[in-house]
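Chain and residue survey
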2 protein chains.
Amino acid sequence: MKIGELSRLTGTNVETIRYYERDGLLPIPARSEGNYRIYGDAHVQRLSFIRRCRSLDMTLDEIRVLQHFKESPQENCADVNRLLDRHIGHVAQRMQELQELERQLKGLRERCGEARDAAHCGILDGLSQAIVPSGKTASHVQGAHRHAANPNSAKGIQGNQV
Amino acid sequence: MKIGELSRLTGTNVETIRYYERDGLLPIPARSEGNYRIYGDAHVQRLSFIRRCRSLDMTLDEIRVLQHFKESPQENCADVNRLLDRHIGHVAQRMQELQELERQLKGLRERCGEARDAAHCGILDGLSQAIVPSGKTASHVQGAHRHAANPNSAKGIQGNQV
DNA sequence: CCTTGACTCTGTAGCCACTCAAGGGTTTCT
DNA sequence: AGAAACCCTTGAGTGGCTACAGAGTCAAGG
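First, a word on what this report is: a plain description of the structure on this page. (Residues numbered from 1 in each chain as written. Chains lettered and ligands numbered in written order. Predicted model: local features only at pLDDT ≥ 70, side-chain atom pairs only at ≥ 80, totals over all residues. Heavy atoms only, no water.)

**Here's the deal with the overall build of chain A**
When you go through chain A residue by residue, the secondary structure sums to six helices and two strands. Order of helices (α) and strands (β) in chain A, N terminus to C terminus: α-α-β-β-α-α-α-α. Each of the 162 residues in chain A was classed as buried or not, and the buried ones make up 47%. Long-range pairs, those at least 24 residues apart, make up 51% of the contacts in chain A with a sequence separation of at least 6. Surface accessibility of chain A: about 7900 Å² in total, with carbon and sulfur atoms responsible for 49%. (Helix = DSSP H or I, 4+ residues; strand = E, 2+ residues; numbered from the N terminus. Buried < 20%, exposed > 50% of the residue type's maximum accessible area, 1.4 Å probe, protein only. Contact = heavy atoms within 4.5 Å. Areas by Shrake-Rupley, 256 points an atom, 1.4 Å probe, with all protein chains shown as cover.)

**Side note on the pattern of salt bridges**
Pairing between side chains of opposite charge can happen when the charged atoms of each approach one another. Residue and element names in this part refer to chain B. All told, the structure shown has 16 salt bridges over all chains when counted by the stated rule. Ionic pairing is found between Glu97 and Arg94, a salt bridge with its closest N-O pair at 2.6 Å. Taken as a pair, Glu97 and Arg94 lie in helix α5 (residues 78–110) at a separation of three residues, close to a single helical turn. Comparing Glu97 with Arg94 shows no difference in burial state: the two are buried. (Salt bridge = Lys/Arg side-chain N within 4 Å of Asp/Glu carboxyl O.)

**Here we look at the side chain of Glu102(A)**
When you line up the elements, Glu102(A) lands in helix α5 (residues 78–110). When sequence neighbours within four positions are dropped, the list of residues in contact with Glu102(A) reads Val91(B), Ala92(B) and Met95(B).

**Overview of the packing of α5(A) against α5(B)**
Packing of α5(A) against α5(B) brings their axes to within 9 Å, and their N-to-C directions diverge by 160 degrees. Classified by the interaxial angle, the pair formed by α5(A) and α5(B) is roughly antiparallel. Of the two elements, α5(A) crosses α5(B), and the hand of that crossing is left-handed. Grouping the amino acids of the contact of α5(A) with α5(B) by side-chain chemistry returns 18 nonpolar, six polar and 10 charged. (Axes fitted to C-alpha atoms, helices over the stretch in contact; angles between N-to-C directions. Parallel < 35°, antiparallel > 145°, perpendicular 65-115°, else oblique. Left-handed = near helix turned anticlockwise from the far one by under 90°. Nonpolar A, V, L, I, M, F, W, Y, C, P; charged D, E, K, R; others polar.)

**A few points about the packing of aromatic side chains**
Residues and elements named next belong to chain A. All chains considered together, the criterion is met by two aromatic pairs over all chains. Look at Tyr19 and Tyr20: their rings are 6.0 Å apart centre to centre, the planes differ by 50 degrees, and that puts the pair in the tilted class. On the basis of relative accessibility, which here comes to 37%, the residue Tyr19 falls in the partly exposed class. (Phe/Tyr/Trp six-rings, centres within 6.5 Å; stacked < 30°, edge-to-face > 60°.)

**A word on helix α1 (residues 3–10) of chain A**
Residues and elements named next belong to chain A. All of the buried residues along α1 are Ile3, Leu6, Ser7 and Thr10. Axial view of α1: buried residues confined to an arc of 105 degrees, hence all on one face. Facing away from the buried side of α1 by more than 90 degrees, the exposed set consists of Arg8 and Leu9. Where the residues of α1 are buried, they touch α2 (14–22), β2 (37–38) and α3 (41–55). The first or second residue beyond α1 is Gly11, which carries a positive phi of 65 degrees. (Arc of directions from axis to C-beta.)

Everything listed here is a matter of geometry and, on its own, says nothing about what the molecule does.
Spelled out as structure tokens, the structure:
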């Protein structure tokens, strides 16, 4: 099949498929006479695997590791467990951060019950005062401006580390 | 003061300060004879405001809007409320998504109690089967692989709660 | 045979919010 | 005077795509 059909079968943008190929996640396919990429069932399986992992918000690097495990059946799957546990930890951590964020934002929101002029807006006042810095966690889970776990989304800001 | 002091006072990377200037968030400062940027108290206030907003995971565009409100005191602060409410909504939504993510990941993790060889690993099996695609929500909150939202993490700007 | 239109190709640039590095100039301390 | 600390500009890199531009390929219809 050609790239369009693979795209339809897996719900993956054509550009994304080519991106995965460039990035080494998808094996380089055969080409037709007219230089079109030709895929088979194995590619469908492989791409579906990638998309499922992405829908679980794994990085492409993590997916690469999992693919390696799949291709080395003699290896112990305890490593797979470890990778998954670490990923679950990141998700949990990010949730905690977002909870703290929500708490602060709601506190800020309380400061402005009704509409007044911005000169006396309690929210702007609140933002002009200090906010307690929460811990310097090092999650790899993303912040507040991003699409769902849905892999068809842009990536957000990188955190700052000092 | 020079950029290094502003950096220390606000806990902001020097490069980040210059980036904000390029991006129009910080007003262009005066220059010394040796072409060094010279900042005053107003810059400290302004940058602190930005960093506090960033610590609440607002985008630079949102911050620009808030700055506009601050500079137009006659405007109604109901707009500020709306912006904040929307942002809170994004955070809440992202948390829900992460909860669903956690559920799925833990379900997957259950499939592998003890270490076996990867050929029979229940996790890899699970990843090779379908996972329900969650909704096509349009949050701007980020996913699972990100640093903490807090830009003041290391230096810790002075501060009480909001 | 020719055209139309759908599909595909490569290559490059853009997104966000920074971060880093190269290669230089300026100031300050000893 | 020289070293160290600071500052400058420019450009590139991050992740995971997405979106173009400009060209080529292919099947169906007139």
